[in-house]
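# Summary of structural features
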Amino acid sequence: MPPRQSSRLKKVIADTTANISAPANGTSKAKAIKSKIAEEDDKDESSAAVEEPKSSKKRKADKIEDEEEDQAEDEPVAEKPKDGKKPKTAAKANTEDLMALAKRTIIDTLKKSMYIGAHVSSAGGVHNSVNNAVHIGANAFALFLKSQRKWANPPIAPEAVDGFRSLSKQHKFEVHKHCLPHGSYLVNLAQAEKEKADQAYSSFLDDLQRCESLGIKLYNFHPGNTNGDSRSAAIGRIATQLNKAHKATSTVITVLENMAGQGNVIGSKFEDLRDIIELVEDKSRVGVCIDTCHAFAAGYDLRAPEAFEDTMSKFNSIVGAEYLKAFHINDSKAPFASHRDVHANIGTGFLGLRAFHNVMNHAAFQGMPMVLETPIDRKGPDGKSVEDKQVWADEIKLLESLIGMDPESDEFKALDNRLQAEGASERSKIQDQVDRKSAKDAKKAAPKKAAPKKRGKKKAAASDEESE
Ligand SMILES: [Zn+2]
Ligand SMILES: [Zn+2]
């Protein structure tokens with residue numbers, strides 16, 4: 001794997017040991033001890049490179065964690081991917097966690113309690129997602145609870161449920177807080193036709209029930225599509241379905257994802273989310289996940305600190321801060337307000353590293369799951385596309401390294417420049433497409449008149465991109 005990490009990132013990796021999930025707010029005494037540990041680690045950075053033996057400092061940290069969390073004693077202290085011990089679990093554990101690409105960061109070593117991860121595979125059963133999260137050093141994760149491309153799915157296997165619960169306990173994931181499953185792309189709760197609406201509802205409810213059997217509390221889904229009907233009618237149908245689903249379940253929070261597109265898509269305006277929530281009877285059962293790429297493409301800027309503050313104050317006044325539950329952390333290959341949903345790797349898109357610096361240093365976002373959905377397909381030596389999960393492992397560490405980093409520092413500027421250079425050709429490719437489309441739309445809008453409005457509002461986005 002080519003080293004993508006800056007010296008700063010190496011330091012972040014070195015500073016962190018194996019995974020221990022920690023409460024967001026430790027006692028001040030524990031914090032003091034831990035910062036001491038971090039200081040000591042700074043001193044012997046050279047010896048700590050990547051592989052860190054379980055030192056006495058580490059054991060000290062474990063002890064503190066155990067006291068704070070009052071964890072069951074029969075659990076392994078912490079996962080040590082390097083020493084080759086198989087996790088003890090009834091479920092068939094895959095082998096990925098034996099060769100973790102990065103160690104999970106101890107949350108208390110971060111200046112802000114940011115739980116960062118990615119949307120990992122649950123192929124072979126939902127329990128595999130836990131190992132896949134550990135594999136990339138994630139402290140949060142998303143997964144699909146069943147196949148996303150077909151309606152008929154067998155019920156969740158009891159072994160998968162047991163495996164998910166035991167593995168997440170073993171790895172100390174607080175899945176009720178930091179796991180954010182993603183709903184099916186097939187489901188449109190705004191569906192008007194009775195038969196299709198019933199099918200969508202059954203699939204949606206089935207997912208919520210899966211969440212509850214797995215101990216998951218947050219469930220992310222796309223609000224829906226009007227299919228050409230009026231917005232208010234579509235929003236009314238979404239809320240009706242949500243109210244029904246809330247009554248049929250007991251704890252899971254249905255989390256609306258903001259969208260990038262316009263036209264028939266519901267959720268690209270904060271007002272859409274507000275209007276759905278307004279009609280939800282049990283407000284404790286509904287929330288919002290902000291996808292940074294979607295927000296930016298929908299016209300909510302996050303780049304300059306002032307623009308970011310402005311977007312967040314809009315969100316807080318329109319939707320309400322109390323509804324914000326989670327993030328999808330993606331850069332955007334498409335330009336601002338283009339309404340196109342094309343995810344880019346962190347720092348390489350039109351959002352750029354500064355936007356993620358804003359997000360990572362925003363105290364109010366602490367404790368929320370932050371999930372990468374960035375592209376990891378890379379060309380192999382044979383020209384074939386292969387998934388490179390190291391990309392996520394590195395992006396998690398990159399995002400964590402932004403916490404407390406001075407954005408005026410040479411270190412930040414060098415990182416920013418390097419990543420922007422990496423993404424330059426992809427950005428210009430999509431920019432060209434957007435420009436051509438808006439020129440075409442302008443022509444269509446004014447066929448006989450000269451001076452087409454080149455910079456006017458674009459029409460509905462082409463549906464050629466993935467919508468995540
Ligand atoms: Zn997307
Ligand atoms: Zn999505």
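Residues numbered from 1 in each chain as written. Chains lettered and ligands numbered in written order. Predicted model: local features only at pLDDT ≥ 70, side-chain atom pairs only at ≥ 80, totals over all residues. Heavy atoms only, no water.

Next up on the list: helix 9 (residues 270-279). Taken as a whole, helix 9 has its buried residues at Phe270, Asp272, Leu273, Ile276 and Ile277. Buried residues in helix 9, looked at end-on, bunch into an arc of 160°, giving them a common side. Check the buried side of helix 9 and you find it contacts helix 8 (231-248), strand 5 (253-257), strand 6 (265-266), strand 7 (286-291) and helix 11 (305-318). (Buried < 20%, exposed > 50% of the residue type's maximum accessible area, 1.4 Å probe, protein only. Helix = DSSP H or I, 4+ residues; strand = E, 2+ residues; numbered from the N terminus. Arc of directions from axis to C-beta. Contact = heavy atoms within 4.5 Å.)

Between two aromatic rings, the relevant description is the distance of the centres plus the angle of the planes. Under the criterion given, the structure shown has eleven aromatic pairs. Summarising the aromatic geometry, the rings of Phe141 and Phe164 are spaced 6.2 Å apart at their centres and angled 55° between planes, so their arrangement reads as tilted. Here Phe141, found in strand 2 (residues 140-142), pairs with Phe164, found in helix 5 (residues 158-170); they are 23 residues apart in sequence, far enough to count as distant. Where Phe204 meets Tyr219, the ring centres are 5.6 Å apart and the plane angle is 80°; that geometry is what we call edge-to-face. With Phe204 in helix 7 (residues 194-214) and Tyr219 in strand 3 (residues 218-221), the pair connects residues that are 15 residues apart, well separated along the chain. We note that Phe204, like Tyr219, is buried. One aromatic cluster is present, built from ring pairs that chain together Phe141, Phe164 and Phe173. Above the plane of the ring of Tyr201 lies Lys244, whose end atom (NZ or CZ) is 4.1 Å from the centre. The ring of Phe336 has Arg303 lying over it, and the distance from NZ or CZ to the ring centre is 5.3 Å. (Phe/Tyr/Trp six-rings, centres within 6.5 Å; stacked < 30°, edge-to-face > 60°. Lys NZ or Arg CZ within 6 Å of the ring centre and 35° of its normal.)

Bringing the environment of Thr249 into the picture now. Among the structural elements, Thr249 can be located in the loop between helix 8 and strand 5. Thr249 sits 40 residues away from Gln209 along the chain, and the two C-alpha atoms are 6.9 Å apart. With residues up to four places along the chain from it excluded, the contact list for Thr249 reads Leu205, Leu208, Gln209, Glu212 and Arg285.

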